[in-house]
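# Topology and contacts: notes
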Amino acid sequence: GWDGQSLGNLLEVGVDAVLAVTNACYRPASCEVRRGILWLSGGTVVADTVSIWENSTLGGSGTIIGETQCAGKFEPGTPIGALAQEGGLALAVTAVAEFEIGGYTPDTEFDQAVVYGPCALCGTLKIALVNSFVPHAGDRFVILTGSRVSGMFSDVVILNCPPELAADVVVDDATVTVVFVGR
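Residues numbered from 1 in each chain as written. Predicted model: local features only at pLDDT ≥ 70, side-chain atom pairs only at ≥ 80, totals over all residues. Heavy atoms only, no water.

## With respect to the overall build of the protein chain
A tally of regular secondary structure across the protein chain gives zero helices and 17 strands. Evaluated residue by residue, the protein chain yields a buried proportion of 48% over its 183 residues. Roughly 8200 Å² of accessible area belongs to the protein chain as shown, and the carbon and sulfur atoms make up 51% of that amount. (Helix = DSSP H or I, 4+ residues; strand = E, 2+ residues; numbered from the N terminus. Buried < 20%, exposed > 50% of the residue type's maximum accessible area, 1.4 Å probe, protein only. Areas by Shrake-Rupley, 256 points an atom, 1.4 Å probe, with all protein chains shown as cover.)

Printed below as a string of structure tokens:
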């Protein structure tokens, strides 16, 4: 339910609240999620700044337009889909970026974040293999694209990975790619 408040051009999402944006455009000047969820389901949020605090979540499929700082969970798709971010994304040391891989097609079988602007990585990357999907050694999944990707995740967690495989995370100036390798 909604436990937030709109203070002029500032939207605050309160304790344990969910702001769901479904096939609509929501336009606060700034948006702060202090301990709640900002969830997109085909919708768009346009704000100068979007701040996701620790113990909060930004997720779903849709578009965020505005500079975004995330210290909480960043969950593109969920269950599976794409989250577009225009204006830059900074993941803090406390952030957990969660992506699901359930096949080979981006946006329909595995999560993807598309950042139109700079993207600074930090925090934890969590990858979950879902839908009984088993990748093969050599399979590559571009889970994030950006106009300028920098930094690195301090921790990487792979859930449901078969024992004969391991996963490497490759970061270059425009992508984050998960590559499965044999052990």
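## Observations concerning the environment of glycine 151
Looking at the secondary structure, you find glycine 151 in strand β14 (residues 140–151). Once residues lying within four places of it in the same chain are set aside, the contact partners of glycine 151 are Leu121 and Val171. (Contact = heavy atoms within 4.5 Å.)

## Describing the side chain of aspartate 111
Within the secondary structure layout, aspartate 111 lies in the loop between β11 (96–101) and β12 (112–121). As a buried residue without a salt bridge, aspartate 111 has its nearest oppositely charged side chain in lysine 126, at a separation of 12 Å. A polar contact of 3.0 Å, which involves the side chain of aspartate 111, links it to the backbone nitrogen of glycine 81. Polar side-chain contacts of aspartate 111 include one of 2.8 Å to the backbone nitrogen of glutamate 100. Here aspartate 111 is in contact with Pro76, Gly77, Thr78, Pro79, Ile80, Gly81, Glu98, Phe99, Glu100 and Ile143, once residues within four sequence places are set aside. (Lys, Arg positive; Asp, Glu negative; His and termini not counted. Salt bridge = Lys/Arg side-chain N within 4 Å of Asp/Glu carboxyl O. Polar contact = N/O pair within 3.5 Å; in protein donor to acceptor, adjacent residues only side chain to side chain.)

## Overview of the environment of proline 106
Tracing the backbone shows proline 106 in the loop between β11 and β12. On the basis of relative accessible area, proline 106 is assigned to the partly exposed category, the value being 35%. Separated by 26 residues in the primary sequence, proline 106 and isoleucine 80 place their C-alpha atoms 8.8 Å from one another.

## Focus: the pattern of salt bridges
Evaluated as defined, the whole model comprises three salt bridges. With a closest N to O distance of 2.8 Å, arginine 34 and glutamate 32 form a salt bridge. Taking the shortest distance from any N to any O, the salt bridge between glutamate 98 and lysine 73 comes out at 4.0 Å. Within this pair, whereas glutamate 98 is found in strand β11, its partner lysine 73 is found in strand β8 (residues 73–76), the two being separated by 25 residues in sequence. Assessed through its relative accessible area of 15%, glutamate 98 is described here as buried.

## A word on unusual backbone geometry
One non-glycine residue, aspartate 107, lies in positive phi territory at about 80°. Mapped onto the fold, aspartate 107 is located in the loop between β11 and β12. A positive phi angle, near 65°, is found at asparagine 160, a position not held by glycine. Tracing the chain through its elements places asparagine 160 in the loop between β15 (155–159) and β16 (165–171).

## Considering the pairing of strand β5 (residues 30–33)
Successive side chains on a regular strand alternate, one facing one side of the sheet and the next facing the other. Because side chains alternate across β5, one face comprises the buried residues Ser30 and Glu32, and the other comprises Cys31 and Val33, equally buried. The pairing of β5 with strand β6 (residues 36–52) spans four bridges and is classified as parallel. Bridged to glutamate 32 within β6 is serine 51. (Pairing = 2+ DSSP bridges.)

## A look at the pairing of strand β7 (residues 57–70)
The element β7 is extensively covered by neighbouring structure, given that 10 of its 14 residues are classed as buried. Relative to β7, β6 is paired through 12 bridges, and the arrangement is parallel. Considered in β7, the bridge of tryptophan 39 is made with glycine 59. As defined by bridge partners, β7 adjoins β8 across four bridges and the pair is classed as parallel. Directly across from leucine 58, in β8, lies its bridge partner phenylalanine 74.

## A few points about the confidence of the model for the protein chain
Chain-level pLDDT for the protein chain is 88 on average; 85% of the residues reach the 70-or-more range. Low pLDDT (under 50) marks residues 1–10, which in the prediction has 24 contacts with non-local residues, meaning those over four places away or in another chain. (pLDDT = per-residue confidence, 0-100.)

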